[in-house]
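# Inside the fold
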Amino acid sequence: MRGEALAAFVFISPWVIGFLVFTGGPLVASLYLSFTDYNVLQPPSWVGLSNYGQIFTQDDLFRKALANSVYYTALFIPMHVVTALAIAMLLNTRVRYISWWRTFFYLPAVTPAVATAVLWRFILNPQQGMVNQFLGMLGLPTPGWTTDPHWLIRTLALMVTWGAVGNTMIIYLAGLKGIPVELYEAAEVDGAGWWTKTWNVTLPMLSPVLFFTIVVGIIGAIQVFTQPRVLFNDPNGGAGNAALTYMMYLFNNAFSYFKMGYASALAWVLFIIILIITAVQFWAGRHWVYYEGEAR
Amino acid sequence: MSTQPIARRLETTAPKGRPRLTPARALVYLCLAVLAAAFLVPFLWMISASLKPLNEVFSPAIVPHPVMWSNYVNVFQQTQFALWVFNSAVVTVLAVVAVALSSAIVAYPFAKLNFPLKGALFGLILATMLLPGEVTMVPVFLIWRKLGGINTLFPLWVPNLFGSAFYIFLLRQFYLTIPNDLKEAALVDGASHFRVFWSIMLPLVRPAMLTVILFEFVAKWNDYLTPLIYLNDPNKYTLALGVASFLKAPGLESRWDLWMAASVLMTLPEIIIFFLAQRQFIEGIAAGAVKA
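Please read all numbers here as calculations on a predicted model, not as lab measurements. (Residues numbered from 1 in each chain as written. Chains lettered and ligands numbered in written order. Predicted model: local features only at pLDDT ≥ 70, side-chain atom pairs only at ≥ 80, totals over all residues.)

### Side note on the overall build of chain A
Within chain A one finds 12 helices and two strands. The order of α-helices and β-strands along chain A, N terminus first, is α-β-β-α-α-α-α-α-α-α-α-α-α-α. Dimensions of chain A, computed from the C-alpha atoms along their principal axes, are close to 75 × 75 × 35 Å. Counting over 296 residues, chain A shows a buried share of 40%. Across chain A, every contact between residues at least 6 apart in sequence was considered, and the portion connecting residues at least 24 apart equals 68%. (Helix = DSSP H or I, 4+ residues; strand = E, 2+ residues; numbered from the N terminus. Buried ≥ 20, exposed ≤ 12 C-beta atoms within 10 Å, placed from the backbone. Contact = placed C-beta atoms within 7 Å.)

### Notes on the domain arrangement of chain B
How large an interface is tends to be reported as the accessible area lost when its parts come together. When cut into domains, chain B gives domain 1 (3-49) and domain 2 (75-291). One C-alpha centre belongs to domain 1 of chain B, the other to domain 2 of chain B; they are set 33 Å apart. (Domains from an automatic or database assignment.)

### Details of the environment of I282 of chain B
Structurally, I282 of chain B can be placed in helix α15 (residues 278-291). When the C-alpha atoms of I282 of chain B and T211 of chain B are compared, they prove to be 9.5 Å apart, with 71 residues separating the residues in sequence.

### What to know about the confidence of the model for chain B
Within chain B, residue pLDDT values average 89, and 92% of them lie at 70 or more. Taken together, the chains of this predicted complex give a pTM of 0.91 and an interface ipTM of 0.92. (pLDDT = per-residue confidence, 0-100.)

### Observations concerning the packing of helix α9 (residues 194-221) of chain A against helix α12 (residues 260-288) of chain A
All names here are of chain A. Two elements in contact, α9 and α12, have axes whose closest approach is 10 Å; the angle formed by their N-to-C orientations is 165°. Judged on the interaxial angle alone, α12 and α9 are roughly antiparallel. When the axes of α9 and α12 are compared, the crossing they make is right-handed. Across from S207, F211, V215, I218 and I219 in α9, the residues of α12 making contact are I274, I277, T278, Q281, G285 and W288. Among the residues forming the contact of α9 with α12, the class breakdown is seven nonpolar, four polar and no charged. (Axes fitted to C-alpha atoms, helices over the stretch in contact; angles between N-to-C directions. Parallel < 35°, antiparallel > 145°, perpendicular 65-115°, else oblique. Left-handed = near helix turned anticlockwise from the far one by under 90°. Nonpolar A, V, L, I, M, F, W, Y, C, P; charged D, E, K, R; others polar.)

### Focus on the environment of T92 of chain B
Inspection of the secondary structure puts T92 of chain B in helix α4 (residues 81-112). In this structure, T92 of chain B is in contact with F217, K220 and W221 of chain B, ignoring residues within four places of it in sequence.

### Comments concerning the packing of helix α13 (residues 239-246) of chain B against helix α14 (residues 256-276) of chain B
All names here are of chain B. At a closest axis distance of 10 Å, the pairing of α13 and α14 adopts a crossing angle of 165°. Comparing their axes, α14 and α13 come out roughly antiparallel. In terms of crossing hand, the pair formed by α13 and α14 is left-handed. Only W259, A262, S263 and M266 of α14 make contact with α13, whose side of the interface consists of L239, V243 and F246.

### Here's the deal with the interface of chain A and chain B
Contacts between chain A and chain B engage 72 residues on the former and 73 residues on the latter. The element contributing the most residues to the side of chain A that touches chain B is helix α1 (residues 2-33) of chain A, with 19 residues. Taken together, the residues of the side of chain A that touches chain B sort by class into 55 nonpolar, 14 polar and three charged.

Below, the structure is given as structure tokens:
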């Protein structure tokens with residue numbers, strides 16, 4: 001079977017090369033650079049922990065950007081999970097023309113992020129946009145969606161929810177279809193109403209899928225970049241850096257100021273933050289995620 | 001638990017024909033309609049505004065009057081739109097072909113061959129999925145800078161030649177469903193492992209490759225971050241970068257008519273592909289999540 005092993009290594013060699021050049025090597029290089037001062041023109045100079053020291057003790061923009069990304073994640077995740085779950089549960093009630101309904105909710109998900117941001121900049125224009133025209137007509141307040149520093153992150157969460165619900169809804173719908181009908185029938189025999197069935201059957205059976213989408217969703221949300229940058233049309237996140245996300249700040253350091261060492265340190269700080277958040281979720285998940293042998 | 005009894009039960013519990021319209025069902029449809037409106041209206045607004053004259057672009061009318069098809073012509077005349085479409089098409093086609101083929105090659109031995117360190121290597125591939133891209137972003141940029149890749153399209157698709165972890169995982173799962181008899185019969189007849197892969201396995205794994213192609217198409221067509229890092233010559237822009245650059249271009253900042261037409265044009269290929277391959281999209285998304 002030596003021929004088989006040899007053939008196998010030939011098959012996987014593209015990945016091994018790619019891993020060394022584009023993942024493993026850069027990972028080590030990035031860690032090294034994070035301890036240096038490097039502006040691309042002069043060779044990197046070792047500065048020890050000073051990049052990290054500056055990040056944690058002197059850098060107000062780091063704190064602002066991290067707070068913005070966390071605030072955004074805290075708004076986006078519940079909004080998007082609840083909306084996607086609500087739609088999936090509605091669609092799972094044997095509605096007619098289900099593929100049409102599904103398509104309606106999925107269309108925003110096939111709209112490119114840049115096009116979505118341009119579109120929302122248009123409809124949320126504080127003076128003339130369609131949304132404020134409509135709210136004004138009803139006599140409701142008309143917020144400065146894309147200009148008022150208090151609103152920028154909320155606007156961002158709203159817009160990304162609009163685009164992201166389609167995918168998540170399809171995942172939940174697949175999960176809901178996998179729940180055995182027997183469980184509902186048994187619950188009905190015991191006299192359970194809609195609320196009891198949802199709370200004691202649907203949510204526990206769906207919890208592995210919910211867990212997966214929340215873990216992956218948080219990792220993605222904390223790294224949000226394209227949508228805020230295009231929606232507010234400002235690399236620095238608008239007035240008072242109100243929408244400067246962590247990735248935008250990292251990007252500016254690397255590719256506008258060419259502070260490659262500092263940007264690498266920022267990247268590692270974010271990486272550690274993501275690892276901690278994910279680890280905490282797996283720990284917490286043991287208490288609320290229900291794995292049933294078959295239905296998994 | 002087999003699927004048979006569930007299917008039979010579904011048959012017996014589901015009423016034949018149209019379910020009766022009870023108040024509860026009416027409420028379901030009402031909720032769906034309200035939610036669907038929230039999701040559809042911005043989308044319809046984009047199409048409507050893209051056909052309005054500039055001075056009426058904010059008017060509340062849904063049907064544009066007059067219908068300005070010329071907005072779509074103007075996008076091409078007043079920007080380098082055609083060039084951006086071309087650049088995006090080049091990147092997308094090369095990236096999609098490269099990643100589908102390389103991932104299919106790399107995934108194969110993890111499903112069908114035995115070799116030392118198989119489990120460890122597959123674990124390593126899965127682990128790279130957890131690594132956020134920004135950790136490797138700076139060194140990868142420095143590599144491309146050394147290689148003279150700045151302001152070229154190479155950094156946008158060449159990494160795809162080496163396979164992509166998520167697709168390797170998806171394809172491996174698909175290979176596992178293919179029976180081994182064909183492979184073993186061919187090996188007995190003296191075919192090499194490479195011939196078995198190329199002539200037997202690769203054709204069989206095409207449905208899964210289609211899912212990979214669809215996902216990667218969407219990813220590359222939408223990507224904004226990577227082109228923003230590597231491209232600063234407007235002649236090299238991809239569509240995402242070009243459309244976003246409208247926002248800063250002098251004389252174009254308030255041309256909402258053009259922006260909306262450009263956004264519709266940029267979205268169109270994805271909508272067409274979605275309607276052509278709806279099943280692959282839906283099944284791919286669900287499979288990725290449920291199996292992972």
